[in-house]
Amino acid sequence: MDKTTLPTPVANADSRPYWEAARERRLVIRKCNACGELHFMPRHLCPVCWSDRLEWVDAKGTGSVHSFTVIRRASDPAFAPLVPYAVALIDLDEGPRMMANILGANALAVKIGDRVQVTFEDRGDGAMLPQFNTVAA
Amino acid sequence: MKTPTSLKNKIAIVGVGESDIGKVPHMTGLGLNAQAAKRALDDSGLKVSDIDGVLTAYSFTEPYFMLGSVLCEYLGVKPRFNASVISGGASPAVMLKHAAEAIVSGQAETILVCAGENRATGLTREAALSALLAVGHPYFEQPYGGSIPGYYAMIAQRHMHVYGTTREQMAQVAVNTRAHALMHPSAHMKKPLALQEVLDAKPIADPLGMLDCCLISDAGGAFIVTSAERARDLKAKPVYLQGIGEYHTHEHLMCAPSLTEFGATESGRTAYEMAGLGPQDIDVAQLYDCFTIVPIIELEELGFCQRGEGGAFFSEGHARIGGKLPVNTHGGMLSHAHAGAAGGLFGIVEAVRQLRGGLGERQVQGAEVALVHNEGGILSSHCTLILANDKG
């Protein structure tokens, strides 16, 4: 179905580079140059050591499913036509955890531990949302 | 870590009240609060002029900016201590802590704590769901179409994966609380519930079905807190605060440090230490049960069983009235009522009633010490309290 009726990513001062990278089909995450920790979601300070010496680094876009659910009844009416669909927490291979949908023909067969690869979903006007497909281990 | 100043035996709950519960279309949310407050005040034998502090939480159906002030205005009370506390479902227990601290430090002597809203009839189902949707992170969760049941479902899925917890064990939580609700005169749900019905209910977010999810009710709850000294001369049998602790680890699920270990362990540890008690001393527990997986996790976190044994604790009947540790003797949020912060507040009301005694078939025999756990967000904010019918 047409996904451009779904919520469009909103960029703000914390996240603009994240969404701009997504438009170029790149997944980027925050790295602290003081303590070396990577984190998700983007913010002004490192949540571990409070340094503001942060940079953006490219993630490989690979990871595994930490947990998931198949939504059978959507809270947001915009998602009702998509039901059933999978929402998952993804452990990126770099360490940070993020939320996304599992897409693809076998999305509803997703399991904890499944290997995933990032993909990008067009939400209109070139706005791209990082999403994941399961891949063979 | 610094040990907090002990609040043990410094304050008591001296009055409790519940509004009419269920679908109450002829009353506003503020009206439900007022009705519960009046019933709590009558229960205590105090006069409205004795109230010099008021705490309340939040309301989706009547989303006033300064709800604390608005409620005081509605009630005609001019307190010297007032706040609106927004820790989600943890708010009632957190409010009790703030009330205790205010009384001990002399900021107020007698505090009304109340919460509730007309969530069943005060707004459309779509509007209520849409308000609740705001629990997800606006930029990094909401664009993926999650939902509150969906976020808890991911926690349930992980618990099943790591510990082998089963759908049947979760369903048993709903069956247990319904059996307890049938013994409560004003519980929202009064129809007996069988295990198979829970398993067959409409799926919401795998592995959770409709009957794994809490109710949406019109309801308000209230309690009155005062100094232990003052409590001695009042009409109602005082119930003393023995220990209380809170702990906050995240707000959004994607930032939770773990999907199997949450902040209840730490909030519980603080409460137990203050009380000088342990899980073995608790006679009855009122645990937050917005979804069936939650009290299973809380039993484990609060030390009532080992990790991974919470599901069996329910399915083996230990959480029933008459069992090892009766849990949610009023029917919890799954069967008694849930309306915003009133949901967890009813756990406090029920704990007080159990400790006063005389509840008939619902009474836990020999109940002297009760534990209440409130959590808010997606198992994000935690507050545990321990109450007793005597100074230990």
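To keep things clear, this report deals only with the structure shown in the data block. (Residues numbered from 1 in each chain as written. Chains lettered and ligands numbered in written order. Predicted model: local features only at pLDDT ≥ 70, side-chain atom pairs only at ≥ 80, totals over all residues. Heavy atoms only, no water.)

### Structural notes on the interface of chain B and chain A
Across the boundary between the two partners, chain B contributes 30 residues, which contact 35 residues of chain A. In this structure, the connection of chain B to chain A is made through one salt bridge. Between B:D206 and A:R72 there is a salt bridge whose closest N-O contact spans 2.7 Å. On the surface where chain B and chain A come into contact, there are 12 residue pairs in polar contact (both at pLDDT 80 or more). (Contact = heavy atoms within 4.5 Å. Salt bridge = Lys/Arg side-chain N within 4 Å of Asp/Glu carboxyl O. Polar contact = N/O pair within 3.5 Å; in protein donor to acceptor, adjacent residues only side chain to side chain.)

### Some words on the sheet that holds strand β8 (residues 239-248) of chain B
Residues and elements named next belong to chain B. Ordered in space as β3-β2-β4-β7-β1-β8-β11-β10-β9, the nine strands form an open sheet in which the pairing is mixed. Of all strands in the sheet, those with a lone pairing partner are β3 (81-84) and β9 (284-287), marking the two edges. Across this sheet, the average inter-strand angle for adjacent strands is 25°, counted without regard to direction. Taken together, the four bridges between β9 and strand β10 (residues 369-376) define a ladder with parallel strand orientation. Considered in β10, the bridge of Q286 is made with V372. Strands β2 (53-56), β3 and β4 (110-118) of the sheet are contacted by helix α2 (residues 67-75), whose axis makes an angle of about 125° with β3. (Pairing = 2+ DSSP bridges. Helix = DSSP H or I, 4+ residues; strand = E, 2+ residues; numbered from the N terminus. Axes fitted to C-alpha atoms, helices over the stretch in contact; angles between N-to-C directions.)

### A few points about the nonpolar core
Generally speaking, soluble globular proteins have nonpolar side chains that are buried together. A:I102, A:F132, B:Y152 and B:L253 are the most contacted members of the largest nonpolar core, which has 90 residues in total. No other element matches the eight residues that helix α5 (residues 148-163) of chain B contributes to this core. Within the second largest apolar cluster, 43 residues are counted, among which are B:A102, B:A341, B:L355 and B:L385. (Core = buried A, V, L, I, M, F, W, Y, C linked by side-chain atoms within 4.5 Å. Buried < 20%, exposed > 50% of the residue type's maximum accessible area, 1.4 Å probe, protein only.)

### Details of the environment of B:Q35
Relative to the helices and strands, B:Q35 is located in helix α1 (residues 29-44). Remark: the alpha-carbon pair of B:Q35 and B:G220, spanning 185 residues in sequence, is separated by 7.7 Å.

### Here we look at the pattern of salt bridges
With the rule as written, the count across this model stands at 24 salt bridges over all chains. Linked by salt bridges that have partners in common, B:K47, B:D50, B:E109 and B:R230 make up one network.

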